[in-house]
There are 2 protein chains.
Amino acid sequence: MFSKACEYGIKASIFIAINSYEGKRVSPKEIAKEINSPQAFTAKILQALVRHKVINSVKGAYGGFEVNKNELKYIKLSQIVKAIDGDNIYNGCGLGLEKCDENHPCPVHEKFKNVRDELKQMLENTSLEDLALDIKSGVSFLKA
Amino acid sequence: MFSKACEYGIKASIFIAINSYEGKRVSPKEIAKEINSPQAFTAKILQALVRHKVINSVKGAYGGFEVNKNELKYIKLSQIVKAIDGDNIYNGCGLGLEKCDENHPCPVHEKFKNVRDELKQMLENTSLEDLALDIKSGVSFLKA
DNA sequence: TATAAATAGGATAAATATATCCGAAATAAA
DNA sequence: TTTATTTCGGATATATTTATCCTATTTATA
Ligand code: FES
Ligand code: FES
């Protein structure tokens, strides 16, 4: 469904969000440990998220990754996925035709569209705040 | 969403189904042309589908790939996807945790489950016959 | 039985995704 | 201003997916 990079990106963003509630910045090392991911690879993904302005980074001593806690409720899962995996999953054809076209549909178009749109809605309606609060309250987990 | 191999496998199966209605067997060459895929790679995927008994092959002169036309309505998209991509998309965790566990859910579990289950329903309820008939009647298309 | 036609399957190549490493640049504090 | 700390970014390595090629095996028919 999502690439490894995207999975790491989502989990990393949630962990950053949790710490930003408390005004704490976190490093790739802490993040990788907490979400059980390869550190250097995770760092690369964080860079991409910074470039796409999903999260913010501060270089140098006492730096790290953070996110404005007032924006947490406006940062949606869809932004993270789009930044890392692109928008093929939202708009692309399920059977890989060059483009998904109502007027030239692939065999699964009508049925696939429903699933794809529900996924889209889900990602667009889920904020980093929603996810971070569930982790904080122990309802969900970032690693096994 | 699906691997390239899986996309080719689905489209190939549909084309085979259409021809099997008319008692015709088809070759990887014809299939690849019709679904716009690399021929040798497509042949490998067909082998896998034969091993998983989704389609049938006949070697030698006048041979080719076919599927029992009386079974077309019982062959579901889910069988093809499972044969090629495995069942991770049905049962796996959306964020890559080792397993999807109600009692130890990842942050997106509750919301992801709905989408995943709808996809599963869709694949299990769609038969090769449904898809083949739409192609035959010109409602949908196998390539751009 | 010999021949031609077709799938099966192993070996290999190319492309992409995943992962690691290291030096450069930026920044806070001593 | 120097030092320690931390992200940035390029180069490289590994694994997986996608794709190609060639030979073996099977089969219908002449
Ligand atoms: S054309 Fe394939 S999903 Fe729309
Ligand atoms: S635990 Fe992640 S989807 Fe169920």
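An account of the accompanying structure is given in this report. Numbering of residues starts from 1 in every chain and runs along the sequence as written. Chains carry letters from A onward and ligands carry numbers from 1 onward, assigned in written order. Local features in a predicted model are, by the rule used here, given only for residues with pLDDT of at least 70; side-chain atom pairs are given and counted only at 80 or more, and totals for whole chains, interfaces and linings are based on all residues. Here the side-chain values reflect all heavy atoms present in the structure, with hydrogen atoms and water set aside.

Counting its secondary structure elements, chain A contains seven helices and two strands. Helix and strand labels come from DSSP, where a helix needs a run of H or I of at least four residues and a strand needs a run of E of at least two; each type is numbered from the N terminus. Across chain A, helices and strands are ordered from the amino to the carboxyl terminus as α-α-α-β-β-α-α-α-α. Expressed as lengths along the three principal axes of its C-alpha atoms, the size of chain A is roughly 55 × 30 × 30 Å. Categorising residues by exposure relies on relative accessible area from a 1.4 Å probe, with only protein chains included: less than 20% of the type maximum marks a residue as buried, more than 50% marks it as exposed, and the intermediate range marks it as partly exposed. Here chain A holds 144 residues, and the buried ones make up 49% of them. Pairs at least 24 apart in sequence give 65% of the contacts found in chain A among residues at least 6 apart. Of the roughly 7300 Å² of accessible surface on chain A, a fraction of 48% belongs to carbon and sulfur atoms. Residues scored as positive are Lys and Arg, those scored as negative are Asp and Glu, and His as well as the terminal groups of each chain are ignored. For the purpose of locating charges, the reference atoms are NZ of Lys, CZ of Arg, CG of Asp and CD of Glu. Here chain A contributes 21 positive and 18 negative side-chain charges, whose respective centroids are spaced 7 Å apart. Here a residue-residue contact requires only that any non-hydrogen atoms of the pair lie within 4.5 Å. Under the convention used here, a 1.4 Å probe and the Shrake-Rupley method define accessible areas, while residue burial counts only the protein chains that appear.

Moving on, we come to the environment of Lys136 of chain B. All names here are of chain B. When you line up the elements, Lys136 lands in helix 7 (residues 128-136). Judged by its relative accessible area of 44%, Lys136 falls in the partly exposed class. For the pair Lys136 and Ile18, spaced 118 residues apart in the sequence, the C-alpha separation amounts to 7.1 Å. Sequence-distant contacts of Lys136, defined by excluding residues within four places in its chain, comprise Ile18, Tyr21 and Glu22.

Looking now at the protein's contact with DNA strand D. In the vicinity of DNA strand D lie 27 residues, with Lys44, Gln47 and Ser57 of chain A together with Tyr8 and Pro38 of chain B positioned nearest. Throughout, the term near means that a residue has one or more heavy atoms lying within 4 Å of the molecule or strand in question. The sugar-phosphate backbone supplies 69% of the atoms of DNA strand D found within 4 Å of the protein. Here a polar contact is taken to be a pair of N or O atoms separated by no more than 3.5 Å, where protein atoms must pair a possible hydrogen donor with a possible acceptor and residues adjacent in sequence count only if both atoms sit in side chains. In the model, a base nitrogen of DNA strand D is placed 3.0 Å from a nitrogen or oxygen of the Gln47 of chain A side chain. Within the backbone of Ala61 of chain A, an N or O atom sits 3.1 Å from a base oxygen of DNA strand D. If you list the elements that add at least two residues to the surface near DNA strand D, you get helix 3 (39-51), strand 1 (56-58) and strand 2 (64-66) of chain A together with helix 1 (4-21) and helix 3 (39-51) of chain B.

What follows is about the environment of Gln47 of chain A. For Gln47 of chain A, the location among the structural elements is in helix 3. C-alpha separation for the pair Gln47 of chain A and Phe2 of chain A, spaced 45 residues apart in sequence, amounts to 18 Å.

A word on the protein's contact with DNA strand C. The immediate surroundings of DNA strand C are formed by 27 residues, with Tyr8 and Pro38 of chain A together with Lys44, Gln47 and Ser57 of chain B found nearest. Atoms of DNA strand C within 4 Å of the protein belong to the sugar or the phosphate in 65% of instances, the rest to bases. Here a phosphate oxygen of DNA strand C and a side-chain polar atom of Ser57 of chain B are 2.7 Å apart. In the environment of DNA strand C, a sugar or linking oxygen lies 3.2 Å from a nitrogen or oxygen atom belonging to the backbone of Gly60 of chain B. Among the secondary structure elements, those contributing two or more residues to the surface near DNA strand C are helix 1 (4-21) and helix 3 of chain A together with helix 3, strand 1 (56-58) and strand 2 (64-66) of chain B. Following the grouping adopted for this structure description, the nonpolar residues are Ala, Val, Leu, Ile, Met, Phe, Trp, Tyr, Cys and Pro, the charged ones are Asp, Glu, Lys and Arg, and the polar ones are all others, Gly among them. Residue composition of the surface near DNA strand C, by class: 13 nonpolar, eight polar and six charged.

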